[in-house]
Amino acid sequence: MPKMKTKSGAKKRFKITATGKVRGAYAFKSHNLRKRSQKMKRQARGTMVLCAADARMAKSLMPYA
């Protein structure tokens, strides 16, 4: 059976932690930032742990992670 391929978009956007959780960037940080509150922009810095439903979807795109 051939090897499964990892989706290259997923491997660029998500990282798997040592405990198996999925880390990714916050949403809504690319444009129209003048509309967003300073609190939202500050809290959306860095990365976050994805919720269970999103993590399951991201892990399915990275079969060997």
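Thresholds, definitions, all that
- Residues numbered from 1 in each chain as written.
- Predicted model: local features only at pLDDT ≥ 70, side-chain atom pairs only at ≥ 80, totals over all residues.
- Heavy atoms only, no water.
- UniProt positions renumbered as here; feature names shortened; annotations may be inferred.
- Helix = DSSP H or I, 4+ residues; strand = E, 2+ residues; numbered from the N terminus.
- Rg over C-alpha atoms; globule rule 2.2 N^0.38 Å.
- Contact = heavy atoms within 4.5 Å.
- Areas by Shrake-Rupley, 256 points an atom, 1.4 Å probe, with all protein chains shown as cover.
- Pairing = 2+ DSSP bridges.
- Buried < 20%, exposed > 50% of the residue type's maximum accessible area, 1.4 Å probe, protein only.

Labelled according to an unreviewed UniProt entry, the protein appears under the name Large ribosomal subunit protein bL35, originating from Terasakiella brassicae. Here is the UniProt Sequence similarities (unreviewed entry) comment for the protein, exactly as written: "Belongs to the bacterial ribosomal protein bL35 family."

S.K.: Got a minute to help me understand the overall build of the protein in this structure?
M.R.: When helices and strands are counted, the protein shows three helices and three strands. Helices and strands in the protein line up, N terminus first, as α-β-β-α-β-α. Taken over C-alpha atoms, the radius of gyration comes to 15 Å for the protein, far larger than the 11 Å a tight globule of 65 residues would show. For the C-alpha atoms alone, the extent of the protein along its principal axes is close to 50 × 25 × 15 Å. Intrachain contacts of the protein at a sequence separation of at least 6 include 55% that bridge at least 24 residues. Entry remark: accessible area of the protein is about 5600 Å², with carbon and sulfur atoms responsible for 57%.

S.K.: What is the right way to look at the environment of A52 in this model?
M.R.: Locating A52 in the fold gives a position in helix α3 (residues 52–61). The sequence separation of A52 and V22 amounts to 30 residues, and the corresponding C-alpha distance is 8.9 Å.

S.K.: What is the right way to look at the sheet that holds strand β2 (residues 22–25) in this model?
M.R.: Paired through their backbone hydrogen bonds, the strands of a sheet run either parallel or antiparallel. Overall, antiparallel pairing links the three strands, which are arranged β1-β2-β3 in an open sheet. Every other strand in the sheet has two partners, leaving β1 (15–16) and β3 (47–49) as the edge strands with one partner each. Here β2 pairs with β3 via three bridges, running antiparallel. Residue pairing for β3: R23 is matched across the bridge by V49.

S.K.: How should unusual backbone geometry be read in this particular structure?
M.R.: The phi angle of most residues is negative, glycine excepted, and most peptide bonds adopt the trans form. One non-glycine residue, F28, adopts positive backbone phi at about 65 degrees. Summarising the element assignment, F28 is placed in the loop between β2 and α2 (38–43). Among the residues examined, F28 registers a relative accessible area of 59% and is labelled exposed. For N32, which is not a glycine, the phi torsion comes out positive at approximately 60 degrees.

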